[in-house]
Amino acid sequence: MKACWRKRWLILVHLLGFGLFGLSSIISGWTLFPVLALWPGSANDRRDRVQRVIHIFFRCFIDLLEWSGGMKPHKATGFGSRTGPQVVVANHPTLLDIVFLLAHMPQGDCVVKKELGNNPLIAPILWAAGYIRNADGQEALQEAVTRLQAGRRVIWFPEGTRSPENGLGPFHRGFAHAALRAGCPVVPVVIQCRPRALGRRHQPIYDIPSEPFRLTLRMGDPIWTPREQNPSRSPAVTARAISLEAEDYFRSELTHA
């Protein structure tokens with residue numbers, strides 16, 4: 001009986017939490033964020049203003065879920081140890097991954113799916129925050145390189161979609177090409193969720209485990225840095241090697257965690 005009521009409470013907490021999250025996103029996306037994005041300043045200054053607000057908003061959302069018992073307190077390590085331009089790559093086990101990443105990174109130019117830009121509820125936020133729509137592969141890649149050369153941090157999910165159950169999808173190489181062209185490191189963030197929750201696309205938010213889940217995020221040392229570049233290898237070969245090295249790193253970390 002206790003387990004039944006606990007599951008109902010968790011479902012209620014998630015419905016209320018995500019409902020509040022969605023409502024706040026819609027209101028701020030059409031009011032606050034456009035104002036911040038249009039306020040005088042450079043393009044990077046405008047993006048930074050919006051991204052800092054998103055950072056605070058996401059931290060508050062996580063605090064609410066944890067305070068209400070909707071999830072166990074999460075653990076994040078290594079986020080304060082690296083500065084400067086970098087390509088942050090992460091696996092993608094849950095719907096909440098980007099929320100937790102940005103809650104620990106006040107500045108992050110996310111590479112997002114092009115379909116999100118067609119959603120009238122989300123598009124204003126993506127525009128205001130300056131996130132990079134992956135509509136055209138080469139155009140998105142060049143924009144990511146431009147941001148990195150300007151000293152910014154770009155966040156990439158190289159699987160391109162949610163990670164498969166108890167595994168890792170194959171990596172696309174866009175992140176490796178961006179790091180190579182911009183001459184900046186590739187920094188991994190290994191994300192785990194136990195028990196697994198919200199891990200499938202289009203999964204209802206009430207379809208959750210009967211006990212609170214916990215997310216852990218570990219930012220590691222760079223997988224690749226410009227110092228490691230071999231001038232005798234072509235960029236395509238080097239990008240493939242970076243991608244394979246990153247994929248091997250994540251598989252090893254997830255297997256032995």
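Scope of this entry: the structure provided in the associated data block.

Concerning the nonpolar core
Counting 44 residues, the largest nonpolar core has Val 50, Ile 54, Leu 96, Leu 101, Tyr 131 and Val 189 as its most contacted members. At six residues, helix H3 (residues 43-67) tops the list of elements feeding residues into this core. Apart from residues no more than four positions distant in its own chain, Leu 101 is found in contact with Phe 79, Ala 90, Ile 155, Phe 157, Val 189, Ile 191 and Leu 217. Ala 140, Leu 141, Leu 148 and Val 190 belong to the second largest nonpolar core, which has 27 residues in total.

Digging into the pattern of salt bridges
Counting across every chain of the model gives seven salt bridges. Here Arg 152 and Asp 48 are joined by a salt bridge, their closest N and O atoms 3.0 Å apart. On the criterion of sequence distance, the pair formed by Arg 152 in the loop between helix H6 (137-149) and strand E5 (153-156) and Asp 48 in helix H3 is long-range, its members being 104 residues apart. Owing to a relative accessible area of 4%, Arg 152 belongs among the buried residues under this scheme. Between Glu 253 and Arg 218 there is a salt bridge, and its shortest N-O distance comes to 3.5 Å. Placement of Glu 253 in helix H8 (residues 235-256) and of Arg 218 in strand E7 (residues 214-219) is noted, with a sequence separation of 35 residues between them. Several salt bridges converge on common partners, so that one network encompasses Asp 48, Asp 109, Glu 143, Arg 147 and Arg 152.

Thoughts on the packing of H6 against helix H7 (residues 174-182)
Viewed as axis vectors pointing N to C, H6 and H7 meet at an angle of 45 degrees, and their least axial separation amounts to 9 Å. When the axes of H6 and H7 are compared, the pair comes out oblique. For the pair H6 and H7, the sense of crossing is right-handed. Two secondary-structure elements touch here, H6 through Gln 138, Leu 141, Gln 142, Ala 144, Val 145, Leu 148 and Gln 149 and H7 through Gly 174, His 177, Ala 178, Arg 181 and Ala 182.

What about the sheet that holds strand E6 (residues 186-194)?
Taking strand neighbours across the sheet as the criterion, the seven strands line up as E1-E7-E6-E2-E5-E3-E4 in an open arrangement whose pairing is mixed. Single-partner strands in this sheet number two, and they are strand E1 (75-77) and strand E4 (132-133). Pairing analysis gives six bridges linking E6 to E7, with the strands arranged antiparallel. Bridge pairing links Val 190 to Arg 218 in E7. Sitting on the sheet, H8 touches strand E2 (86-90), E6 and E7, and the angle it makes with E6 is about 30 degrees.

What counts and what doesn't
Residues numbered from 1 in each chain as written. Predicted model: local features only at pLDDT ≥ 70, side-chain atom pairs only at ≥ 80, totals over all residues. Heavy atoms only, no water. Core = buried A, V, L, I, M, F, W, Y, C linked by side-chain atoms within 4.5 Å. Buried < 20%, exposed > 50% of the residue type's maximum accessible area, 1.4 Å probe, protein only. Helix = DSSP H or I, 4+ residues; strand = E, 2+ residues; numbered from the N terminus. Contact = heavy atoms within 4.5 Å. Salt bridge = Lys/Arg side-chain N within 4 Å of Asp/Glu carboxyl O. Axes fitted to C-alpha atoms, helices over the stretch in contact; angles between N-to-C directions. Parallel < 35°, antiparallel > 145°, perpendicular 65-115°, else oblique. Left-handed = near helix turned anticlockwise from the far one by under 90°. Pairing = 2+ DSSP bridges.

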